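Remarks on the overall topology
Spelled out, the chains give:
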Amino acid sequence: MKSIRIAIDGPASSGKSTVAKIIAKHLGYTYLDTGAMYRSATYLALQKHLTEADVQDILKELAQNPISFGRSEDGTQTVFVGNQDVTLAIRQNDVTNNVSWVSALPEIRQELVNQQRIIAEGGAIIMDGRDIGTVVLPDAELKIFLIASVEERAERRFKENQEKGIETDLEILKEEIAARDYKDSHRKVSPLKAAADAIIFDTTGVDIDGVVKFIQEKAEKIIDMGN
Ligand code: DC
């Protein structure tokens, strides 16, 4: 069977990771959460009190504490820097509110994009992020760009946080999501943007199953064509 590379991009809380994980499981593909990699770099920077001026030190920290993924007993993906489990720490507000400056540093992007391309080499992969279709895998067989209103995305993240026991305020979440959209879309290096050949799908009012079905049908068509 033909194995393909699926790129799923879109703004914060557009549902990328939720649907990507489900589709990966259905197809038996590897799932790579590239946002978790930028969050891990941010975690290291904050832990060591590093700033934009210290990009070389952030790179050194990344080299000494490589990002890797594991699986917990219940099957959910875990994230490590070195041998430290940062799965929960990288979702905390301090990381979320600092990830934009770390992910805007060209040297950090270059390093993480290299790592992402190496992971994708074997194919049979579904990756989510902001620049997968435009920069990381410009020749991916399927590119999806998910969008949704700020209100709906804030409500999704609010529920997610509640389930994880992270305390948040809905109005503040809306402001933070809008601010992160702006920063992600306006940064100089690899801004959030749909690839010219991406399928843009507005998930406002569409449930997870609906989004999964839409993407999986497109993926299966391409996979079948390769038979
Ligand atoms: O998907 P997420 O919200 O966990 O991503 C966290 C941040 O990482 C996001 O605000 C922008 C950045 N990011 C990026 O610049 N490029 C990617 N491929 C993935 C995430």
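See the structure printed just above.
**Some details on the overall build of the chain**
Tallying secondary structure elements over the chain gives 10 helices and 8 strands in all. In terms of overall dimensions, the chain is globule-like: its C-alpha atoms have a radius of gyration of 17 Å, near the 17 Å expected for 227 residues. Each principal axis of the C-alpha atoms in the chain carries an extent, and together these give about 50 × 40 × 40 Å. For the chain, the residues scored as buried account for 45% of the 227 residues in total.

**What to know about the pattern of salt bridges**
Evaluation of the coordinates by the stated rule reveals 13 salt bridges. Across the pair E141 and R5 runs a salt bridge, and its minimum N-O distance is 3.2 Å. Here the residue E141 occupies a position in the loop between α7 (132-136) and β7 (142-147), and R5 occupies one in strand β1 (residues 5-9), the gap between them amounting to 136 residues. Using a relative accessible area of 30% as the deciding quantity, one classes E141 as partly exposed. One salt bridge in this structure joins D33 and R91, with 3.1 Å as the shortest N-O distance. Of this pair, D33 sits in strand β2 (residues 30-33) while R91 is found in the loop between β5 (84-85) and α4 (93-96), placing the two residues 58 residues apart along the sequence. Residue classification places D33 among the buried residues on the basis of a relative accessible area of 11%. Given a relative accessible area of 23%, R91 falls into the partly exposed group. Linked by salt bridges that have partners in common, R5, D139 and E141 make up one network.

Calculation criteria
- Residues numbered from 1 in each chain as written.
- Predicted model: local features only at pLDDT ≥ 70, side-chain atom pairs only at ≥ 80, totals over all residues.
- Heavy atoms only, no water.
- Helix = DSSP H or I, 4+ residues; strand = E, 2+ residues; numbered from the N terminus.
- Rg over C-alpha atoms; globule rule 2.2 N^0.38 Å.
- Buried < 20%, exposed > 50% of the residue type's maximum accessible area, 1.4 Å probe, protein only.
- Salt bridge = Lys/Arg side-chain N within 4 Å of Asp/Glu carboxyl O.

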